[in-house]
Amino acid sequence: MEILSPLKTAFSIFGPYWWLYLPILFGAGTIAGWLNYKTQRYLLSLKWVLLELKPPPDVQKSPKIAENIFSGLHSSYLPVNLKKRLFLGEVPNWYSCEIVGNGGNTNFYIRVQEGMRKVVENVIFAQYPDAEIKEVDDYITQLPKYLPDDNHDLFGANLIFNKEDAYPIKTYPFFEEESGKDEFKRTDPLAPLAEATASLQPGEHIWLQFLIRPTGAAWSKESQKVVDKLSGKKVKPDAFQKIIDFISTLLTDLFDFFGVAGEKKEEKKEEFNVQKLTPGQRFTLEQVENKIAKLGFKANIRFIYLARKELFHRSHVSSVIGMFKQLYSNNLNTFKPDRETMTFHKGILPQIFPSDRGFFTKQFEFRRKWKIYQNYRKRAFLKKVIFLNTEELATMFHLPGIGVKAPAFPRVEAKKGQPPAGLPM
């Protein structure tokens, strides 16, 4: 009976006021259910096409030209107002840029809505005139709809930043500075990944997915707080911080009034001087300002390594992670697997086992593997996002130059010329 006494007390307090809070809860639940229903209907109504990109045989340009491609894709940014969101379930447009290694072959794909196909083709041909773009069947359908199963196993994770979004990763200009701008000497950021995918055997697959959605200037304004912190400026407090500061000031004044606290010591505020920054601090500040000055995208980065069980080698996972680790630089950002999506799980109470693997480990891992595989197939855009600018995206997704000589790397076999003017159709 003592256990039920708190419940009785709570009911006696809140029970008489059911007419006040139940309609609010019911209304909130109804709106959430309606919004989810309309969103699912909108997503099912979208028509998608998968475009395969084949690099020309002699790409002698920097990844910088891919930055122009993403700038062109950003032109599709259009904020969704509340009316369209609530009554039509509309969500902002997004793209899926994919690097796929299947049994030793490496392919580049962009999945777009049917209405945006011409825009994508135009911005790509503007930078890679000799590239080849064609619509293909979805490579995902070559594998079972539900994995893992008795014959296949997989490892996967979403990648997130190790620091705040305002801090950039190491981008292609760093590689050009280190190895020179000559195409034959330049180190391509995609070279390690190309080698890893080229070494796969039939039945092994490495899939890398960049889901990107153009965003407005709000993310750069939020990142300005990091700039202010790095430059020594006073960061403007948010609403919650203002409340905390108000309570703190009020308590301090009360303590002073009753003589509990001593005399206030006036803090000496030193004016900020950029000359006082160390070279490392100045470098970080410049890179952060450079990132937020460019067009931004909300992004999900998802990778999966899957293979037949007799061919499964975790060393390939390390190869993919190594490609992202090379984008790390001191004082800047780096990627790490998101623990909430990574298919490795220790289970419940791993501390009591010598193997550090607790109860229900296999069940947890199976559920995560199933979920990330389904999210990959659906190209599902998760709410937990990171912010990337055009320079960062161009570093991780571009058509490699002739310096990348991984075997089984498909390229356009011959250049194509334009038809003569006035040719009858």
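Notes on the structure in this doc start here. Sequence positions are assigned chain by chain, starting from 1 and proceeding in written order. Given that the model is predicted, a residue must reach a pLDDT of at least 70 before its local features are reported, and side-chain atom pairs must reach 80 or more before they are shown or counted; all residues, however, enter totals for whole chains, interfaces and linings. In computing side-chain values, all of the structure's heavy atoms are included and hydrogens and water are not.

Moving on, we come to the pairing of strand S9 (residues 386-389). The side-chain alternation of S9 yields two buried faces, one formed by Ile-386 and Leu-388 and the other by Phe-387 and Asn-389. Any two strands with at least two DSSP-identified bridges between them are counted as paired. Secondary structure elements are defined from DSSP: runs of H or I of at least 4 residues count as helices, runs of E of at least 2 residues count as strands, and each element is numbered from the N terminus. Bridge count between strand S7 (residues 296-308) and S9: four bridges; the pairing is antiparallel. Its bridge partner being in S9, Phe-297 is matched across the sheet by Leu-388. Think of it in three bands: residues with accessible area under 20% of the maximum for their type are buried, residues over 50% are exposed, and the middle band is partly exposed, with areas taken using a 1.4 Å probe on protein chains only.

Bringing helix H3 (residues 64-73) into the picture now. Most of H3 sits out of view: seven of its 10 residues are buried. Burial in H3 covers these residues: Ile-65, Ala-66, Glu-67, Ile-69, Phe-70, Gly-72 and Leu-73.

Within the fold, Asp-228 resides in helix H8 (residues 218-230). Judged by its relative accessible area of 16%, Asp-228 falls in the buried class. Spatially, the C-alpha atoms of Asp-228 and Leu-285 are 9.4 Å apart, while their sequence positions differ by 57 residues.

Right, let's get into the nonpolar core. Among the nonpolar cores identified, the biggest contains 57 residues, and Phe-324 and Phe-335 are the most heavily contacted of them. With six residues, S7 is the single largest residue contributor to this core. The contact definition used throughout considers only heavy atoms, calling two residues in contact when any of these lie within 4.5 Å. The contact partners of Phe-335, leaving out residues within four places of it in the chain, are Leu-159, Ile-160, Phe-161, Ile-169, Ile-301, Phe-324, Lys-325, Leu-327, Ile-386, Leu-388 and Met-396. Core analysis: the next-biggest nonpolar cluster, separate from the first, contains 14 residues, Val-100, Tyr-109, Tyr-139 and Ile-304 among them. The set of buried Ala, Val, Leu, Ile, Met, Phe, Trp, Tyr and Cys residues whose side-chain atoms join them within 4.5 Å is what this entry labels a nonpolar core.

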